[in-house]
Amino acid sequence: MKPTLFSTKFLFLFLAVSSLAWAQKNEVYDLTTDQKINPLGLDNQHPQLGWKIKSEGYDVSQTKYQLLVGTQANFKAQEAFWDSGVINSDQSVHVPYAGPALEANTTYYWKVRVWTNNLKKPLQSAEAYWSMGLSPADWQAQWIGQTLEDDETRRSPYFRKEFSLSNKPIAKAYLHISSKGMYEAHLNGKRIGDAYLTPGWTSYNYRLQYQTYDVTNLLEAQNALGVTLGSGWYRGYLAWGDKNNHYGNQLGVRAQLMVRYQDGSEEVLNTDDSWNYNHGPIIDSELYDGEIFDARLVNPNWTTFGFQANQTKKAQIQTEEVPLVATANELIKKHEVFEVKEKIETPSGDLVLDFGQNLVGWVSFQHAGKAGDSLHIYHAEILDKEGEFYTENLRDADQKNTFILNGDPNFVYEPHFTFQGFRYIKIEGDTTIDPSKFKAIALYSAMPDTGGFETSNALINQLQHNIEWGQKGNFLDVPTDCPQRDERLGWTGDAQAFYNTAAFNRNVKSFFDKWLLDLALDQREDGSVPFVVPNVLGKDAMGSAGWADAATIIPWNAYLIYGDKTALKQHYPSMKNWVGYMEQLATNGLYKGGFHFGDWLFYRPNDDNSGRAAVTSKELIAQSFFIHSLDIMARSARVLGEEKDVAHYTKQLQAAKKAYQNEFITPSGRLLSETQTAYVLALQFGLLPENVKAQAVERLVDNIKSYDTHLTTGFLGTPYLCHVLSENGRADVAMALLMQKSYPSWLYPVTQGATTIWERWDGLKPDGSTQTPSMNSYNHYAYGAIGEWMYNNLLGIQRQTDNPGFKAFTLKPLFSNDFSFIKGHFETVHGTIKVNWTQENERVQLAFEVPVNTTAKVDLTSIESTERILFQNNKRKGTPIEAVTTLGSGKYRIELTKMN
Ligand code: BGC
């Protein structure tokens, strides 16, 4: 290479790199439409647009924006289909599209110009897009299925259709598809999309989500489209007592493939009675029990044009309609893949593989066995005391996949319409396997990762890991209690308890917006809220305090975290209905509800002769949550400008508090139930008169100490326990509870090798024995609710009620001596908050980053310290700062010396 050429190249490279570096200094990025990056198939006429801003400067905020929407990629400003005009506003999230009506099956491109207070010229974003789906009137395709007799065999039908396209260049082709049951679709031999267990689970009695896929690149002149179906949530077994067909007994598919040519003409292929079907390798599939797959029946040419399938039958038109709606949440995708950590032969001779992580998904493998031989894979979360494969806690769920081999050593076996919760598998049948050919694949809803932290304490890191895996394993389209036994239901109480933690780890906005709509649909006419959503337990399984309050607690917290008023407004009627139901049952402010689960799974010693079990009165709990929900209603009404409601709920709130105080507090200030949960709820929900607050904190602390610094709380008290302590001057006790290693505590399961959060504090006893098998899941996120407190206090990131969406936030780490460093981040809708603090010999360094367009209230009052020195760009900034200081965007460091 000649030196001159080299230097020119180098110069170009240098210019490219430096312009990239320059481009990143000030940038508009992460453009989202309805909270997603480039989503397909929306049915919202006013999609919400959002963006984030990066700038190296300080105190940067947006002053103006201008939105441009076009119908062609790379459109010019003057070609815009909608131009918002220049808007004087610092709003950069949840900005509704307000242009002309949006057309079905059409792609829209958009960009934003942003003016900031530190630059003369506006920043120009790159282009993003979304596509519209189909309104009910745009659906021409028919529902098709098989004969009832074929449905009764429970074998998966394989529907197929061949078609040719005009010989013209295609601009865009979208497939819109949904099913009763689950579907997988193939076009010309390729799987369509990378989503699994589609169309997901909604309250099918009212609505089914369809998905939209861009299939432009899969199409040819001659095509074959195929769709396979499995029972899934629609007609598979769910809940207990051998119940299936919850929504119907016949599978069905509705698909509409819409091809738009570059010349503007269109061609549409619909499911109708010209489709054929036959049966293939999926012999049976059930969520709880697993799948039977006969690989000898696989035909790789199934979706190849010209292939003559055997024994095909004509598809049956189905007249029964289920309203189709666009997909609101992220779909389930494949994520982490685990290799076998250990091959084990159990004492009784079972062949077991350990993947080292309790996860949810399935195992895929290759195996050079004989055609016709079978391999049975069983799934379990733990090995028992004796080292045997333990499945008793699965109750009636078999979690067993059977594969009949086809003799091809390269064939990749995996199930389709089921999932398992497991760390270990047991293999029966042909056991001459090669463990390196077995992989465990984690499946979960693809919610963006938003938070994480690492500390100097390995046990705490493992606890956070377990919380994250509890979330992954139980966020498969619906927030479930557990993913393995014959349950896997959307328990409302568990979801509300874990919500705030979940929202730190992942962006759960769309996931819960979708679920809350199902909650509203499944709400009883009188406003009562089901134990589980989607409700498969019937009209009487409703109204438990702390469970049903998911209807108010989740939308309100979502508003505080994401700042989306439109969503709060959408959920408001459902919130109101639930609270209205309680008001109906209240007399003079005292709520008399029906059945309540209470403080589920609270501490209960085996031999309880002296009454150490932490039983909290269910009436007291119900009244506490009634008040909390009324409080949320008053606040929500205020945000939404519902003045009449503000007055109404404020009055009800006062009456309910008075009733609580008359009924549950003695004149000297003791609560009816002397439990941690009772005091925690009273302090958290503001139920106490000022004059007894201090002694309530004292009583709570005394109670904790009387159990040798252990918690005794169940599902309802646990999420608030440490918050109440740290907010009432007893962060020391909160820390002691967090660091407690013996049962009951968060770290006890960690010391026992847990890789997920357990349902019970003592799921596995120190001697290796297990808790009651009928209620002993090893992957149950509820107790993982401590996560929020760790983000709030270890890392120090706290939201502010008056500044939803982290438009302003508080940074207040505890700087506990239990840690020498903690670093982490949280991705807010406005950008990333980063924190990294270290301490050594009383010297504390706190480095952090405040996103553009936000402010941070840095609160260093949790420790006594000497002068606090602020650094910007590594340069010391003037005089020392106060213990509480508000700072705008930028990267900072504060140095101080602890005095205590
Ligand atoms: C579930 C819980 C749920 C509870 C109701 C259990 O079977 O697994 O997590 O909240 O029932 O108390």
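Residues numbered from 1 in each chain as written. Predicted model: local features only at pLDDT ≥ 70, side-chain atom pairs only at ≥ 80, totals over all residues. Heavy atoms only, no water.

Asks: Honestly, the overall build of the chain in this entry has me stumped. Any pointers?
Replies: Broken down by element type, the chain carries 16 helices and 49 strands. For the chain, the C-alpha radius of gyration of 29 Å lies close to 29 Å, the compact-globule estimate for 900 residues. The buried share of the chain, taken over its 900 residues, is 60%. Of the contacts formed within the chain by residues at least 6 apart in sequence, a portion of 75% connects residues at least 24 apart. For the chain, the exposed area adds up to about 35000 Å²; of that, 49% sits on carbon and sulfur atoms. Across the chain, 84 positive and 102 negative side-chain charges occur, with their mean positions spaced 6 Å apart. (Helix = DSSP H or I, 4+ residues; strand = E, 2+ residues; numbered from the N terminus. Rg over C-alpha atoms; globule rule 2.2 N^0.38 Å. Buried < 20%, exposed > 50% of the residue type's maximum accessible area, 1.4 Å probe, protein only. Contact = heavy atoms within 4.5 Å. Areas by Shrake-Rupley, 256 points an atom, 1.4 Å probe, with all protein chains shown as cover. Lys, Arg positive; Asp, Glu negative; His and termini not counted. Charge placed at Lys NZ, Arg CZ, Asp CG, Glu CD.)

Asks: Just to check I follow, could you spell out the site of the ligand for this structure?
Replies: What surrounds the ligand is the set Asp 481, Arg 485, Glu 487, Trp 491, Asp 494, Trp 547, Phe 597, Trp 600, Phe 715, Glu 759, Met 775 and His 780. At 2.7 Å from an oxygen atom of the ligand is found a side-chain nitrogen or oxygen belonging to Arg 485. Taking His 780, its side chain carries an N or O atom lying 2.8 Å from an oxygen atom of the ligand. Relative to its free-state accessible area of 310 Å², the ligand is covered by the protein chains to the extent of 97%. (Near = heavy atom within 4 Å. Polar contact = N/O pair within 3.5 Å; in protein donor to acceptor, adjacent residues only side chain to side chain.)

Asks: Would you mind going over the packing of helix α5 (residues 492-505) against helix α6 (residues 509-522) with me for this structure?
Replies: The description of two packed helices rests on the angle between their axes and on the distance between the axes. Orientation of α5 relative to α6, taken along the N-to-C sense of each, is 145°, at an axis distance of 13 Å. Crossing handedness for the pair α5 and α6: left-handed. Contacts from Thr 492, Ala 495 and Tyr 499 in α5 reach Phe 512, Trp 515 and Leu 519 in α6. Within the contact of α5 with α6, the residues separate by chemical class into five nonpolar, one polar and no charged. (Axes fitted to C-alpha atoms, helices over the stretch in contact; angles between N-to-C directions. Left-handed = near helix turned anticlockwise from the far one by under 90°. Nonpolar A, V, L, I, M, F, W, Y, C, P; charged D, E, K, R; others polar.)

Asks: What is the right way to read the sheet that holds strand β41 (residues 808-811) from this model?
Replies: Strand pairing in a sheet is mediated by backbone hydrogen bonds. Such pairs are either parallel or antiparallel. Within the open sheet, the four strands sit side by side as β40-β41-β45-β48. Their pairing is mixed. The sheet terminates laterally at β40 (797-799) and β48 (884-887), the two strands that pair on one side only. The average undirected angle you get between the axes of adjacent strands in this sheet is 25°. With four bridges connecting them, β41 and strand β45 (residues 855-859) associate as parallel partners. When the bridges of β45 are listed, Thr 810 appears paired with Lys 857. (Pairing = 2+ DSSP bridges.)

Asks: Would you explain unusual backbone geometry in this entry?
Replies: Most of the time, phi is negative for any residue but glycine, and the peptide bond is trans. In this chain, Thr 198 is followed by Pro 199 through a cis amide linkage whose omega measures 10°. If you trace the backbone, Pro 199 turns up in the loop between β15 (195-196) and β16 (208-214). Omega for the peptide link from Val 533 to Pro 534 comes to -5°, which places this bond in the cis form. Considering the arrangement of structural elements, one finds Pro 534 in the loop between α6 and α7 (550-562). If you check the backbone angles, Asn 38 has positive phi at about 45° while not being a glycine. Locating Asn 38 in the fold gives a position in the loop between β1 (26-33) and β2 (48-55).

Asks: Explanation requested: the environment of Leu 218 in the structure shown.
Replies: In this structure, Leu 218 sits in the loop between β16 and β17 (222-230). In this structure the C-alpha to C-alpha distance between Leu 218 and Arg 638, which are 420 residues apart in sequence, comes to 51 Å. Discounting chain neighbours no more than four positions away, the residues touching Leu 218 are Leu 187, Asn 188, Lys 190, Ile 192 and Asn 223.

Asks: For this particular structure, what's the right way to read the confidence of the model for the chain?
Replies: Low pLDDT means the predicted coordinates in that region are not meant to be read closely. When pLDDT is averaged across the chain, the result is 95; 97% of the residues are at 70 or more. Low pLDDT (under 50) marks residues 1-23, which in the prediction has one contact with non-local residues, meaning those over four places away or in another chain. (pLDDT = per-residue confidence, 0-100.)

Asks: Looking at this structure, how should I read the layout of surface pockets?
Replies: Rolled over the atoms, a probe sized like a water molecule indicates the empty space that remains. The space that makes up the largest pocket amounts to roughly 1200 Å³. Gln 684, His 723, Glu 727, Glu 788 and Asn 792 are the residues nearest the centre of the largest pocket, which is lined by 50 residues in total. Looking at the lining of the largest pocket, the elements with two or more residues in it are α5, α7, α9 (618-640), α13 (718-727), α14 (731-739), α16 (786-795), β40 and β45. The biggest single contributor to the lining of the largest pocket is α5, with seven residues. (1 Å grid on protein atoms, 1.4 Å probe; cavity = no way out; pocket = protein on both sides within 12 Å on 5 of 7 lines; lining within 4 Å. Points joined across faces, edges and corners; volume = space filled by probe spheres on them.)

Asks: Is there a simple way to explain the pattern of salt bridges in this structure?
Replies: Working definition: two side chains of opposite charge can pair if their charged atoms are close together. Using the criterion set out here, one finds 40 salt bridges in the structure. Residue Lys 111 is joined to Glu 127 by a salt bridge in which the shortest nitrogen-to-oxygen separation is 3.6 Å. Of this pair, Lys 111 sits in strand β7 (residues 107-116) while Glu 127 sits in the loop between β8 (123-124) and β9 (128-131), and the two are 16 residues apart along the sequence. With a shortest N-O distance of 3.3 Å, Asp 631 and Arg 635 are connected by a salt bridge. Here Asp 631 pairs with Arg 635, and both are found in helix α9, just four residues apart, close to one helical turn. Because the salt bridges share partners, they merge into one network encompassing Arg 395, Arg 485, Asp 486, Glu 487 and Glu 759. (Salt bridge = Lys/Arg side-chain N within 4 Å of Asp/Glu carboxyl O.)

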